[in-house]
Amino acid sequence: MSRRARLGTLGAVLLACTPLALATPATPAAAAAPAPTTPLTVEEQRLTGPVPQEILRRSGFDGLTAGFTRGLGRTRSRAEAERLVTAEGRNLWRRAVDRAQGRGPDGGDLSRDDDRPLYWARLALTRALHEWRPAFALDERRRAELVAAVERTSRGQDSIELPPGAGVKRVVITGFDPFQLDSDVRRSNPSGAAALALDGTTVETPAGPARIEAAVFPVRWADFADGTVERTLLPHLRPGPGRVDLFTTISQGRVGRFDVERTNGAWRGGYPDNLNVSRTGTVPVPPGIPTVTPQPQWTTTTLPYAAITAARTGPFPVYDNTAVTEIPAGGTEEVHRADGPTPGSTARAGGGGDYLSNEIAYRATLLRDAVRAQVPGGHLHTPVLQFGQGNTDPAHGQVTDPEFVNNRLAITAQIRSVLAVAVGNAGRS
């Protein structure tokens, strides 16, 4: 998801709530004017296209919206709505994980490992929330909180459960939604697919069994500025019996290769996100989040990159990527360096570029340093997931093909192997 990799390859308007002047007792539906709907997001507007609808239909996720909408229609208070959206978000995440891991019915002929049904089904739920006209007063801020609850729960961000004790190693990984959908709405993201395939699984490593827990993040600048990464990871980086033994953020990177990104930069390069919004500037640290002061321009991986790159983990080569782009101390021009930043320089791109993959790596490792968590952590870029020959034209291509599926399965399998090597060599550079 780096900017360079993409060439190869997430004031409130209050509603009038004055009670109506009635001579007789009001029913709950008449006590307040129904809240109007709110504008759909750019992501939600893509949902009605033929490709998203086909993906939902061929995965069995197309029927979720009707039941969710009926449930919303039965709610008579904001508290009831909160309980509903939280339960439905968690159910969606669990259903996507179960499907990816072979539990329950297929629900359609789309490959079980596919991450796209979760993405589009989540948007169907948030769209239903934006279009909902409740029978009680609901201002924009409260509606946004309900949408945020669906986002958080359906991404696995609130269901990371790491076992305590010394008998098992604890690993957290993160993936991303599909992106660059305006150029090809069929896109899948192998990092999101791996998160679904590996969540809650245990892998054997040279250091013993390791339990993997996963979450997925949006490709949207605003969510990152609001602290979604830090809120998800902080409880698992603080001292305690359930603290992680290793973490890695994961995203799609370059064609035909994995990269362990050595250095992460504190710079947003501005490439449009899934809302077609651009942001350029220093990565903002949310208020109330532990951080390092003054904010550093660079953070560094503590993953055992030498062991990872030396191991035979799968069909794709794995590189220790040390490149960055900087403005040297005292300089004004950007300089690309193959061997990392120089002292006092200003970041313009980490090894993972200047997009949200670099940013999640920077945020996660900055948080690691802020709470002084002496655990291996960093970022892993996967190969670009490509459609097979004869299926590359988004205007006429199919939503899937055998090569597309096989490559995604191979990437997930190699991520599992990389994690086993990383856990077995934790503490080594």
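Residues numbered from 1 in each chain as written. Predicted model: local features only at pLDDT ≥ 70, side-chain atom pairs only at ≥ 80, totals over all residues. Heavy atoms only, no water.

Undergrad: Account for the side chain of Asp115, with residues named and values stated.
TA: Positionally, Asp115 belongs in the loop between helix 4 (78–100) and helix 5 (116–131). Buried and unpaired, Asp115 has no salt bridge, with Arg408 as the nearest side chain of opposite charge at 4.0 Å. Engagement of the side chain of Asp115 in a polar contact is seen with the side chain of Ser188, the distance being 2.4 Å. Within the structure, Asp115 has its side chain in polar contact with the backbone nitrogen of Asn189 (distance 3.0 Å). Sequence-distant contacts of Asp115, defined by excluding residues within four places in its chain, comprise Pro178, Ser188, Asn189, Gly192, Ala193, Leu196 and Arg408. (Helix = DSSP H or I, 4+ residues; strand = E, 2+ residues; numbered from the N terminus. Buried < 20%, exposed > 50% of the residue type's maximum accessible area, 1.4 Å probe, protein only. Lys, Arg positive; Asp, Glu negative; His and termini not counted. Salt bridge = Lys/Arg side-chain N within 4 Å of Asp/Glu carboxyl O. Polar contact = N/O pair within 3.5 Å; in protein donor to acceptor, adjacent residues only side chain to side chain. Contact = heavy atoms within 4.5 Å.)

Undergrad: Kindly report on the sheet that holds strand 11 (residues 324–327), identifying the contributing residues and their values.
TA: Strand order in the open sheet formed by three strands is 12-11-13, with antiparallel pairing between adjacent strands. Of all strands in the sheet, those with a lone pairing partner are strand 12 (335–337) and strand 13 (346–349), marking the two edges. Recorded for the sheet is a direction-independent mean angle of 40° between the axes of neighbouring strands. One ladder, built from three bridges, connects strand 11 with strand 13; its direction is antiparallel. Among the inter-strand pairings, Thr325 is bridged to a residue of strand 13, identified as Ala349. (Pairing = 2+ DSSP bridges. Axes fitted to C-alpha atoms, helices over the stretch in contact; angles between N-to-C directions.)

Undergrad: Tell me about the sheet that holds strand 10 (residues 318–321), residues and numbers included.
TA: Strand order in the open sheet formed by seven strands is 2-3-1-4-14-5-10, and the pairing between neighbours is mixed. Two strands bound the open sheet, and with one partner strand each, they are strand 2 (202–205) and strand 10. Ignoring strand direction, the axes of neighbouring strands in this sheet form an average angle of 30°. Note that strand 5 (residues 258–261) and strand 14 (residues 377–382) share three bridges and pair antiparallel. Across the sheet, the residue bridging to Asp259 is His381, located in strand 14. Sheet strands in contact with helix 9 (residues 228–237) are strand 1 (169–176), strand 3 (208–217) and strand 4 (246–252), and its direction is about 160° off that of strand 3.

Undergrad: Got a sec to walk through helix 11 (residues 356–370)? Specific residues and values, please.
TA: Here helix 11 contains 15 residues, and its C-alpha end-to-end distance of 20 Å stays within 8% of the 21 Å for a straight helix at 1.5 Å per residue. Summarising burial for helix 11: 13 of the 15 residues are buried, a large majority. One or two steps after helix 11, the chain reaches Arg372, where phi turns positive at roughly 55°. (Expected span 1.5 Å × (residues − 1).)

Undergrad: Go over the nonpolar core with me, naming the residues and quoting the values.
TA: Ranked by internal contacts, the top residues of the largest apolar core, which has 63 residues, are Leu129 and Ile415. At nine residues, the largest contribution of residues to this core is made by helix 5. Setting aside chain neighbours within four positions, we find Ile415 in contact with Ala194, Leu198, Ile250, Phe258, Leu380 and Thr382. Counting residues in hydrophobic clusters, the runner-up holds 25 residues, among them Leu162, Phe217, Ile289 and Ala373. (Core = buried A, V, L, I, M, F, W, Y, C linked by side-chain atoms within 4.5 Å.)

By themselves, these are just geometric observations and shouldn't be taken as functional.
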